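Spelled out from the first residue to the last, the chains are:
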Amino acid sequence: MTLLELQSVTAFYGPVQVLDGVSLSVPEGGAVGILGANGAGKTTTLRSISGTVRAGGRILYDGADIRGKRPEQVAAMGIAHVPEGRGGFGALTVRENLRIGAYLRRDRKGVESDIEFVLELFPNLRERYKSHASALSGGEQQMLAVGRAFMAKPRLLLLDEASLGLAPSTAMTVYDAIAKLRRESGIAMLVVEQNANLAFRLVDSATVLETGRNVLSGTSAELKGMDEIRRAYLGG
Ligand SMILES: Nc1ncnc2c1ncn2[C@@H]1O[C@H](COP(=O)(O)OP(=O)(O)O)[C@@H](O)[C@H]1O
Ligand SMILES: [Mg+2]
């Protein structure tokens, strides 16, 4: 079953077209990567889904076209967006950030057990539970951003460059924890990442964007074997 399908999505900033027919699909419970260089349109693709950028084309979620819906409507339909730069509330504690993620939920017990799940997944957050988010390291802030998004109980997580600004070993730890979150929760994921090596730790398949267009798509195994992917995105 397909959960999300983009068909020829376009987007403009003012007069400048930055998405020129992006198509991709995410199966229920699947994880799909969007790879590509800086400026390729990866972030804009996620924004067009979450309703923070106006888009053309079709954006089908659970069978219905959600294009043009407001961000809060999209969120209420079960799509959680972890933006580039993490978007945490620095003046609030880890605990408060996690609770804010669950603000639409009424199942108190479920919220408590999901907080416990997040703390098991990201042990650093347990140690920093009462710290202000602004006092966390970059890796911890990224874990918190993912944890907060998970607390909304989404069906689909949009993840934007979780590795940005992190040391390689920290980025790997974060990706492996997200992969575990995926295995244990069954949440589908659309994962934007410049570092293909990291993305392939998490996704089953990916599409490569160049100047707002798909130029290559395939399973992770297929893409890893392609010379052009190795040269451009795998450092060799
Ligand atoms: N708010 C904006 N206003 C104008 N141009 C933008 C804005 N955000 C991004 N762009 C431009 O749109 C293109 C795609 O950007 P983006 O989707 O952020 O790419 P990526 O995430 O792949 O680095 C780039 O050329 C970028 O400079
Ligand atoms: Mg980006």
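Residues numbered from 1 in each chain as written. Chains lettered and ligands numbered in written order. Predicted model: local features only at pLDDT ≥ 70, side-chain atom pairs only at ≥ 80, totals over all residues. Heavy atoms only, no water.

Where an unreviewed UniProt entry is consulted, the chain appears under the name ABC transporter ATP-binding protein, with the organism given as Rugosimonospora africana. You can read under Sequence similarities (unreviewed entry) in the UniProt record for the chain the words "Belongs to the ABC transporter superfamily." (UniProt positions renumbered as here; feature names shortened; annotations may be inferred.)

Asker: Could you clarify how one ought to interpret the nonpolar core in this entry?
Answerer: The nonpolar side chains of soluble globular proteins are, as a tendency, buried together. Membership of the largest hydrophobic core comes to 50 residues, with the highest contact counts inside it found for Leu98, Leu125 and Leu202. With 7 residues, the single largest contributor to this core is helix H7 (residues 168-185). Setting aside its immediate chain neighbours within four residues, Leu98 contacts Ile115, Val118, Leu119, Tyr129, Leu144, Gly147, Arg148 and Met151. (Core = buried A, V, L, I, M, F, W, Y, C linked by side-chain atoms within 4.5 Å. Buried < 20%, exposed > 50% of the residue type's maximum accessible area, 1.4 Å probe, protein only. Helix = DSSP H or I, 4+ residues; strand = E, 2+ residues; numbered from the N terminus. Contact = heavy atoms within 4.5 Å.)

Asker: Where do I start with H7 in this structure?
Answerer: Residues lying three or four places apart along an α-helix face the same way, a consequence of the helix completing one turn every 3.6 residues. For H7, with 18 residues, the first-to-last C-alpha span of 25 Å sits near the 26 Å given by 1.5 Å per residue. Within the span of H7, buried status applies to Ala171, Val174, Tyr175, Ala177, Ile178, Ala179, Leu181 and Arg182. Buried residues in H7 make contact with strand E3 (31-35), helix H4 (108-121), helix H6 (138-150), strand E7 (156-160), strand E8 (188-192) and helix H8 (196-199). Two residues or fewer past H7, Gly186 is found with a positive phi of approximately 75 degrees. (Expected span 1.5 Å × (residues − 1).)

Asker: What is the right way to look at the coordination of the magnesium ion (ligand 2) in this model?
Answerer: Put simply, a metal with four donors set out as a tetrahedron has ideal angles of 109.5 degrees, and one with six donors set out as an octahedron has ideal angles of 90 or 180 degrees. The coordination sphere of the magnesium ion (ligand 2) contains the protein donors Thr43 (OG1) and Glu84 (OE), at a distance range of 2.0 to 2.5 Å. Highlighted residues: Thr43 in helix H1 (residues 42-50) and Glu84 in the loop between strand E6 (79-82) and helix H3 (94-101), separated in sequence by 41 residues. In this structure Glu84 comes out as partly exposed when scored by relative accessible area, which is 38%. (Donors = N, O, S within 2.8 Å, 3.2 Å for Na, K, Ca; no water.)

Asker: Just to check I follow, could you spell out the pattern of salt bridges for this structure?
Answerer: Oppositely charged side chains can pair when the atoms bearing their charge come close. On inspection of all chains with the given rule, the structure shows 13 salt bridges. In this structure, the salt-bridge partner of Arg126 is Glu116, at a minimum N-O distance of 2.8 Å. Of the two residues, Arg126 sits in helix H5 (residues 123-127) while Glu116 sits in helix H4, which places them 10 residues apart along the sequence. For Arg126, a relative accessible area of 37% translates into the label partly exposed. In this structure Glu116 comes out as partly exposed when scored by relative accessible area, which is 33%. (Salt bridge = Lys/Arg side-chain N within 4 Å of Asp/Glu carboxyl O.)

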